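Commentary on secondary and tertiary structure
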Amino acid sequence: IFYLTLRKSTTLNLKSGKNMDPKVSIIMGSTSDLPVMEKAAKVLNDFCIPFEINALSAHRTPAEVESFAKNAQKRGIIAGAGMAAHLPGVIAAMTPIPVIGVPINASLDGMDALLAIAQMPPGIPVATTAINGAMNAGILAAQILAIGDNALKAKIVDFKESLKKKIVDANNELAKVKYDYKTN
């Protein structure tokens, strides 16, 4: 599949000929967060959800964060940050749309970022995943979008069924493991 950038945040898929305005923005405080945040990108890509990825820092590029947050009216936001982890909360303070925060393990085993994102003041909610939980952030974003999209909802149902199948298959394999005192 080939893509052609038409303007910032709009891409033309040359295979299908469709414009692909992003439905989700993946924002990270630094490109060093990409190994974690790309898990959200993979989920969105697998569900065929157009998205964009950018690095914005609440501390180093505050004007750009403000501009982004105030103009991101028609898309979901997944924001990942480590350490002080202000990025998701700053974005949530400036936009009326949901923000999903991903605490990144950059120091203190990620606990500093988890607490910074989860402990938002009243009126500024940020849905918070587990530390390095970008995959779940992608799934949550897809589930939110599926509220108004039955085709996407069907993909999510299929995905969740595949998770169930993995456990059923694992138990079938465990049944083959033999020990003298194993009862099942």
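Predicted, not measured: the structure shown is a model, and the values here were computed from it.

Our next topic: the overall build of the protein. Secondary structure assignment for the protein yields six helices and eight strands. Taken along the three principal axes of its C-alpha coordinates, the protein extends 65 × 45 × 30 Å. Carbon and sulfur atoms make up 59% of the accessible area of the protein, which amounts to about 11100 Å² in all.

So, about the nonpolar core. It is characteristic of soluble globular proteins that their nonpolar side chains tend to be buried jointly. Of all hydrophobic cores here, the largest spans 23 residues; its most connected members are Ile26, Met37, Leu44, Phe47, Ile49, Ile78 and Val102. Among the elements of the structure, β4 (24-28), α1 (34-46), β7 (99-104), α5 (134-146) and α6 (150-175) are those that each provide at least two residues to this core. In this structure methionine 37 touches Ile26, Ile27, Met28, Ile78, Ala79, Gly80, Val102, Ile104 and Ala134, once residues within four positions along its chain are discounted. Val65, Leu87, Ala92 and Ile97 belong to the second-largest nonpolar core, a separate cluster that totals 19 residues.

We now examine the environment of valine 36. With respect to the helices and strands, the residue valine 36 is situated in helix α1. Contacts of valine 36, omitting those with residues within four sequence positions, involve Val102, Ile104, Asn132 and Ala134.

Counted by the stated rule, this structure contains six salt bridges. Residue arginine 75 is joined to glutamate 52 by a salt bridge in which the shortest nitrogen-to-oxygen separation is 2.8 Å. In this pair, arginine 75 sits in the loop between α2 (62-71) and β6 (76-82) while glutamate 52 sits in strand β5 (residues 51-55), placing the two residues 23 residues apart along the sequence. In this structure, arginine 75 and glutamate 52 share a single accessibility class: buried.

For aspartate 112, the position within the fold is in helix α4 (residues 111-118). Buried and unpaired, aspartate 112 has arginine 60 as its nearest opposite-charge partner, separated by 13 Å. Here the side chain of aspartate 112 touches serine 107 through a polar contact of 2.7 Å, side chain to side chain. In this structure aspartate 112 touches Met83 and Ser107, once residues within four positions along its chain are discounted.

Further remarks concern the confidence of the model for the protein. For residues with low pLDDT, the predicted coordinates do not support detailed interpretation. Confidence in the prediction of the protein, expressed as mean pLDDT, is 91, and 90% of residues score 70 or more. Taken as a whole, residues 1-10 scores under 50 in pLDDT and shows 26 contacts with residues more than four places along the chain or in a different chain.

Packing of α1 against α5 leaves a shortest axis separation of 7 Å and a crossing angle of 35 degrees. In this structure, the crossing between α1 and α5 has a hand that is right-handed. Where α1 abuts α5, its residues Val36, Met37, Lys39, Ala40, Val43 and Leu44 lie against Ala134, Met135, Gly138, Ile139 and Ala141. Split by residue class, the contact of α1 with α5 holds nine nonpolar, one polar and one charged.

This part takes up a nonpolar patch on the surface. Together, Leu174, Val177 and Tyr179 line one region of the surface with nonpolar side chains, adding up to about 320 Å² of accessible area. If you trace the backbone, tyrosine 179 turns up in the segment after α6.

Over its 13 residues, α1 extends 18 Å from the first C-alpha to the last, a length consistent with the 18 Å expected when each residue adds 1.5 Å. Buried residues of α1: Val36, Met37, Ala40, Ala41, Val43 and Leu44, and no others. Seen end-on, α1 carries its buried residues on one side only, within an arc spanning 160 degrees. Just downstream of α1 lies cysteine 48, where phi reads positive at about 60 degrees.

Cut-off values and rules
Residues numbered from 1 in each chain as written. Predicted model: local features only at pLDDT ≥ 70, side-chain atom pairs only at ≥ 80, totals over all residues. Heavy atoms only, no water. Helix = DSSP H or I, 4+ residues; strand = E, 2+ residues; numbered from the N terminus. Areas by Shrake-Rupley, 256 points an atom, 1.4 Å probe, with all protein chains shown as cover. Core = buried A, V, L, I, M, F, W, Y, C linked by side-chain atoms within 4.5 Å. Buried < 20%, exposed > 50% of the residue type's maximum accessible area, 1.4 Å probe, protein only. Contact = heavy atoms within 4.5 Å. Salt bridge = Lys/Arg side-chain N within 4 Å of Asp/Glu carboxyl O. Lys, Arg positive; Asp, Glu negative; His and termini not counted. Polar contact = N/O pair within 3.5 Å; in protein donor to acceptor, adjacent residues only side chain to side chain. pLDDT = per-residue confidence, 0-100. Axes fitted to C-alpha atoms, helices over the stretch in contact; angles between N-to-C directions. Left-handed = near helix turned anticlockwise from the far one by under 90°. Nonpolar A, V, L, I, M, F, W, Y, C, P; charged D, E, K, R; others polar. Patch = residues over 30% accessible without salt bridge, like charges linked within 9 Å, V, L, I, M, F, W, Y side chains within 5 Å. Expected span 1.5 Å × (residues − 1). Arc of directions from axis to C-beta.

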